[in-house]
Structure formats: structure tokens, C-alpha cells
Amino acid sequence: MNIKQPLIPPPHVLIFPLPLQGPINCNLKLAELLCISGILVTFLNTHHIHCQLLQHTDVHSRFSRYPHFSFQTVPDGLSKDHPRSIDCFDQLIQGIEAVTKPIFREIVNSGGRSSGRPVTCIIADGIFDFTVDVALENGISIFYFETLSPYCVWAYLCISKLIEDGQLPFKGSEILIRQRDLPEELLNGTKDRGCIVNWVAQEEVLACSAIYQQLNSRFVNEVWKLGMDMKDTCDRVVIEKMVMDIIEVKFENEIMQSVDMTAKLGKESIAKGGSSYNDLIM
């Protein structure tokens, strides 16, 4: 007697990133890797961020080559004229949780407009806890994809302990910048010598050698040893001395060795059998 095996549905991954440029870019790269492997992918964007992508990037032509890929959009619960800037982050998350959750559940249940095939896996940003509820309701796998670096995640996880120990918030109003005042301060301080735009080619900007990420400074100096950290002192004498130290002392002896080692580890990680390669195929 032949026993029929239950049919296993083909993989269909629903990706729901945080609707900010950095997480979107990381998730698009992941989506492309899944598409190359022949996996059906539905990429869920908010209406606002998707319009930005279409207007400022080549995302349409880039993904049109993958027949098993599709975009789908959902509202974010905010008005059209809302700035959606980082200082309104809480409002963005609250809007998404209020409006998007029932739509997200419907998309998972239906498989999305373009395919009709049931979703078998969800990849979502860790801030969207409601995606776990929907995954459990449907008995499908869910992965949280944190696009922050590990040391950023570790810093955030330590915040509650720092508050408990009394180390946060910092004492002294002179070292604090009120969040609501920052945009106006920034505009006033740069209006004669700078330009603020709604969207840029993020990867090209970050690849520029003039860009410095403060949160990385300790790792660049103490851990990775790829550069030097001048802390909060940036007068002419200090800068000149640090530049000369790099050129005359550290460049050949330490920094270049670290650069070579970092490049080697990166290549090994994405090569067959490497840690990133194995994480993806698992």
C-alpha cells in the first residue's frame, strides 16, 4: 500500500524591513541572494519608502531580472505631509503597528498579490514584534534580521542596566542636545555651507573616505586597529600629530597589517564554507 507523502509547499519568503534607508538596502541585498537561489521573494515596503526607492534608485530595473521577486506596499499610518525623519521614529513605529498589522496578517494568509503561493518564511526587522504573532498563527518560520552591527545591538541591550546603575541619563544639561531642537540647529548651522537632501546614494556616501562614523570609533582604534580615534579633540595641532603618526609610524607597522587581515577575513567569510556563506545556506 502506497502512502502519499504530504506535499511540501515551495519556499516563499516574505521580507519586511524597517522602512529606513539603511535597513532597506541590507534587506534588498539579502532578497537578491535569495532570488539568485531561485526562491520566491515578496518584499514588503511602506508606500512612502517605496516611492523614494522608485524615484531615487534603480531598484525597478535591478529586480526586474528576477521573475520570482515582487514588491508589495502597505501604509505606515502617517499623513502624506509627515516628515518621517529620525526624530519622529516613535511615531513611525506606532503608525505601522496600528495600521499595518492586520494588512500584514492578510498578506501572509493570502501569499501576496503577485504569487498567490502561501508564505513559508518571514524575515522581519526585530522591532516588529507583531510579526511573530502572525508567524505563530500560521505555523511558519520567522527570522529577525537586525541590520545594526553587533556592537550597536550590544550597546542597546546594555541601556537598561546603565539606567539601573544610574549611569544614564547623563547628568548635566550642557552635554545634552534636545532631540526636538536638533533639526532646527542643524539647518541653521549649515544653511550657508551645506545642503540637506531627502535621499542620497547611501553606500556611495558611506564609502567616501571623508565619512566618519562616531559609534565605530573605539572599534576602529582599539579593536580593528584600522585607524586612530581623536576623541572629542579636533584642533589643528592634534589632527596634524595624528596624521603624522599614521603616515610615519602606524601605517606600515600596524594599520596595513590590520587592513590585510580584515580583507582576508572578509573574503573567507563569504567564500564557500565561510561563516557568512554557511549562515545563508542554512
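Treat the numbers as computed from the prediction; the structure is a model and nothing was measured. (Residues numbered from 1 in each chain as written. Predicted model: local features only at pLDDT ≥ 70, side-chain atom pairs only at ≥ 80, totals over all residues. Heavy atoms only, no water.)

Q: How would you explain the overall build of the chain if you had to name every residue and give the values?
A: Looking only at helices and strands, one finds twelve helices and five strands in the chain. In the chain, once contacts between residues fewer than 6 apart in sequence are set aside, the share between residues at least 24 apart is 63%. Accessible surface for the chain amounts to roughly 19,300 Å². Of this, 58% is attributable to carbon and sulfur atoms. (Helix = DSSP H or I, 4+ residues; strand = E, 2+ residues; numbered from the N terminus. Contact = heavy atoms within 4.5 Å. Areas by Shrake-Rupley, 256 points an atom, 1.4 Å probe, with all protein chains shown as cover.)

Q: Break down the nonpolar core for me, citing the residues and quoting the values.
A: Counting residues in hydrophobic clusters, the biggest one holds 20 residues, and the most contacted among them are L14, F16, L44, F104, V108, I122 and F128. Broken down by secondary-structure element, the contributors of at least two residues to this core are β1 (12–16), α4 (89–110), β4 (121–124) and α5 (130–138). Top contributing element to this core by residue count: α4, with six residues. Apart from residues no more than four positions distant in its own chain, F16 is found in contact with L44, I96, T100, F104, I123, A124, D125, F128, F130 and T131. Counting 19 residues, the second largest nonpolar core, distinct from the first, contains L28, C35, L53 and F69. (Core = buried A, V, L, I, M, F, W, Y, C linked by side-chain atoms within 4.5 Å. Buried < 20%, exposed > 50% of the residue type's maximum accessible area, 1.4 Å probe, protein only.)

Q: Tell me about the packing of aromatic side chains, and please be specific about residues and values.
A: Tallying each qualifying case throughout the model produces eleven aromatic pairs. Between the aromatic rings of F63 and F71, the centroid separation amounts to 6.1 Å while the plane-to-plane angle is 70°, which identifies the pairing as edge-to-face. Relative accessible area serves as the criterion here: at 3%, F63 is assigned to the buried category. Among the aromatic residues, those joined into a cluster by ring pairs are F43, F63, Y66, F69 and F71. (Phe/Tyr/Trp six-rings, centres within 6.5 Å; stacked < 30°, edge-to-face > 60°.)

Q: Residues and numbers for the pattern of salt bridges, please.
A: The tally for this structure, following the rule as stated, stands at six salt bridges. A salt bridge links K101 to D133; its shortest N-O distance comes to 3.7 Å. Placement of K101 in helix α4 and of D133 in helix α5 is noted, with a sequence separation of 32 residues between them. Given a relative accessible area of 25%, K101 falls into the partly exposed group. (Salt bridge = Lys/Arg side-chain N within 4 Å of Asp/Glu carboxyl O.)

Q: So what's going on with the side chain of H50? Which residues, and what values?
A: Looking at the element boundaries, H50 is found in helix α2 (residues 47–56). Excluding residues that lie within four positions of it along the chain, H50 makes contacts with N45, F71 and T73.

Q: Tell me about the environment of K231, residues and numbers included.
A: Its place among the elements puts K231 in the loop between α10 (217–223) and α11 (236–270). The sequence separation of K231 and S217 amounts to 14 residues, and the corresponding C-alpha distance is 8.2 Å.

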